[in-house]
Amino acid sequence: MAAPARWPIVGERLPAASDQPWSLTIAGLVQSGRCWSLDQLQSLPQLSATVDIHCVTRWSKPCMQWSGVLLERLLDAVGVLPEAKFVSLIARSARQHSTSVPLADALSLGAIVALGCQGQPLEIAHGGPIRLVMPGRYFYKSLKWLQRIELLQHDRLGHWEATAGYHNGADPWAEQRYLASDLDRRQVAQLLVSRNLAGRELRGFDAAGHTLIGLNARAALLRDANFSHTDLQRSCFDGANLSNAHLPHANLQGASLVNADLEGADFTGADLRGANFNGAFLTAATFVSPDWPAPAAHVAKIDAQTQFDSAALQQLMPQQAEFLSRALDRPLT
Ligand SMILES: Nc1nc2c(c(=O)[nH]1)N[C@H]1C(S)=C(S)[C@@H](COP(=O)(O)O)O[C@H]1N2
Ligand SMILES: [Mo]
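Residues numbered from 1 in each chain as written. Chains lettered and ligands numbered in written order. Predicted model: local features only at pLDDT ≥ 70, side-chain atom pairs only at ≥ 80, totals over all residues. Heavy atoms only, no water.

Caption draft 1: Structural detail: the environment of Val 193. Residue position: Val 193 is located in helix H5 (residues 185-194). A sequence separation of 121 residues divides Val 193 from Glu 72, and the C-alpha atoms of the two residues are 54 Å apart. (Helix = DSSP H or I, 4+ residues; strand = E, 2+ residues; numbered from the N terminus.)

Below you can see the structure in the form of structure tokens.
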């Protein structure tokens, strides 16, 4: 798996500045709920653990060094009731972002209430000062700006799990990434004939190998969709979400992907001549196969009319950035 150039910042914006001190409350099915101030958390015995992080959109950062308090220690302090089966994690953020994990997993995988990373206090951009780190699960289970933990008998789906089809299991070794949307074959066929996907929620949509010249997919939600070998000349994906979409060997000549979310999208071997990627979000997107620059590598076709803005290029992983800067014949700074 690929490592990004830097540690990308993914998801919602940072919480607004506030005078409220940071704290962590544990409530729900416990003998006695409790709130710890940041200072109190810092004065508990700190563990340090090496955890590989895996984002659902295929980037990984191996061997991150985390420090903090084992969640199990805090749960022992509040006395979890036997009916409790799930841990709901809630952030101090504008949308009160949330996720959840089975209690048994949180204990067996060693969930950490992290306060530090790589020997430093955890920075706010990455969920500091208090973040949950869930080893062995996709990174969307590692909640940033952790403020509240509720012990529940029945699971409560988190934000991404409920709204974006992220798999609630999130086990990277089982590739539990997204659930497909529940269209039947006839609905898929009708959409393919209409060539109009604008604004539709079509997670995991499978259009591999089809001819869809001039497709209108403006603002469509196409996470994990399959456009492998699809003819998409002059299509419009402006503002669409193509995170983790598969577009190897797609023909995107003259297509517009302005302001599209392309996190983790695969354009290996695609024809991107004359395509417009201005304003696109490109963290972990790929344009060449990992064997590049070997002669047999699959590479995207780029020409002088292909447009990328420099800010977007900085989000790429080093090998991908190197390829694009050469193909576009300009430096990446
Ligand atoms: N509060 C909060 N936590 C969150 C998210 C979010 O949007 N809000 N996004 C999740 C996702 S999808 C990922 S990949 C990681 C990203 O963490 P990073 O920005 O430190 O790389 O945070 C996870 N935790
Ligand atoms: Mo993610």
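Moving on, there is more to tell.
Caption draft 2: Spotlight on helix H7 (residues 318-327). Every buried residue of H7 is accounted for by Gln 320, Ala 321, Phe 323, Leu 324 and Ser 325. Contacts from the buried residues of H7 go to helix H6 (310-313). (Buried < 20%, exposed > 50% of the residue type's maximum accessible area, 1.4 Å probe, protein only. Contact = heavy atoms within 4.5 Å.)

Caption draft 3: Summary view of the site of ligand 1. Pro 8, Val 10, Glu 12, His 126 and Lys 144 are the nearest of the 20 residues found near ligand 1. Contact distances for ligand 1 include 2.6 Å between an oxygen atom and a side-chain N or O atom of Lys 144. Burial of ligand 1 by the surrounding chains reaches 99%, relative to a free accessible area of 530 Å². Using a 2 Å cut-off from the grid points, one finds that ligand 1 occupies the largest pocket. Each residue belonging to the shell around ligand 1 can be placed in one class, and the counts come to 12 nonpolar, 4 polar and 4 charged. (Near = heavy atom within 4 Å. Polar contact = N/O pair within 3.5 Å; in protein donor to acceptor, adjacent residues only side chain to side chain. Areas by Shrake-Rupley, 256 points an atom, 1.4 Å probe, with all protein chains shown as cover. 1 Å grid on protein atoms, 1.4 Å probe; cavity = no way out; pocket = protein on both sides within 12 Å on 5 of 7 lines; lining within 4 Å. Sits in = over half its atoms within 2 Å of the grid points. Nonpolar A, V, L, I, M, F, W, Y, C, P; charged D, E, K, R; others polar.)

Caption draft 4: Geometry of the layout of surface pockets. Quantified by volume, the largest pocket comes out at close to 440 Å³. Lining the largest pocket are 28 residues, with Val 10, Gly 11, Glu 12, Lys 144 and Trp 160 sitting closest to its centre. In terms of residue class, the lining of the largest pocket is made up of 15 nonpolar, 6 polar and 7 charged. (Points joined across faces, edges and corners; volume = space filled by probe spheres on them.)

Caption draft 5: The arrangement of the sheet that holds strand S1 (residues 23-28) in detail. Ordered in space as S2-S1-S10-S5-S6, the 5 strands form an open sheet in which the pairing is mixed. At either margin of the open sheet sits one strand with a lone partner, and together these are strand S2 (34-37) and strand S6 (98-102). Averaged over all pairs of adjacent strands, the angle between strand axes in this sheet comes to 15 degrees, irrespective of strand direction. Bridge count between strand S5 (residues 86-91) and S6: 5 bridges; the pairing is antiparallel. Bridging across to S6, Ile 90 finds its partner in Ser 98. Sheet strands in contact with helix H2 (residues 71-78) are S1, S2 and strand S10 (146-152), and its direction is about 135 degrees off that of S2. (Pairing = 2+ DSSP bridges. Axes fitted to C-alpha atoms, helices over the stretch in contact; angles between N-to-C directions.)

Caption draft 6: Examining the pattern of salt bridges more closely. Summed over all chains, the structure comprises 11 salt bridges. One salt bridge connects Glu 12 with Arg 95, and the closest N-O pair in it is separated by 3.4 Å. Taken together, the positions of Glu 12 in the segment before S1 and Arg 95 in the loop between S5 and S6 put the pair 83 residues apart, joining distant regions of the chain. Since its relative accessible area comes to 14%, Glu 12 is described here as buried. Overall, Arg 95 belongs to the partly exposed group, its relative accessible area being 34%. Across the salt bridge formed by Glu 161 and Lys 141, the nearest N and O atoms sit 2.7 Å from each other. With a gap of 20 residues between them, Glu 161 in helix H4 (residues 159-163) and Lys 141 in the loop between strand S9 (131-133) and S10 connect regions that are remote in the sequence. (Salt bridge = Lys/Arg side-chain N within 4 Å of Asp/Glu carboxyl O.)

Caption draft 7: Structural detail: unusual backbone geometry. Between Gly 128 and the following residue, Pro 129, the backbone shows a cis peptide bond with an omega angle of 5 degrees. Mapping Pro 129 onto the fold places it in the loop between strand S8 (120-121) and S9. Cis geometry marks the peptide bond from Trp 292 to Pro 293, where omega comes out at 10 degrees. Along the chain, Pro 293 falls in the loop between H5 and H6. The phi torsion at Cys 63 lies on the positive side, around 55 degrees, for a residue other than glycine. Position of Cys 63 among the secondary structure elements: in strand S4 (residues 60-70).

Caption draft 8: Representation of the packing of aromatic side chains in the model. Within the structure shown, the criterion is met by 12 aromatic pairs. An angle of 80 degrees between the planes, with centres 6.2 Å apart, marks the rings of Phe 277 and Phe 287 as edge-to-face. Taken together, the positions of Phe 277 in the loop between H5 and H6 and Phe 287 in the loop between H5 and H6 put the pair 10 residues apart, joining distant regions of the chain. Of the two residues, Phe 277 and Phe 287, both sit in the buried class. Measuring from centroid to centroid gives 5.6 Å for Trp 292 and Phe 323, while their planes differ by 85 degrees, and the two rings are edge-to-face. Here the residue Trp 292 occupies a position in the loop between H5 and H6, and Phe 323 occupies one in helix H7, the gap between them amounting to 31 residues. The same class applies to Trp 292 as to Phe 323, namely buried. (Phe/Tyr/Trp six-rings, centres within 6.5 Å; stacked < 30°, edge-to-face > 60°.)

Caption draft 9: Representation of the side chain of Thr 283 in the model. Within the fold, Thr 283 resides in the loop between H5 and H6. Residues in contact with Thr 283, not counting those within four places in the same chain, are Pro 8, Trp 59, Leu 262, Glu 263, Gly 264 and Gln 315.

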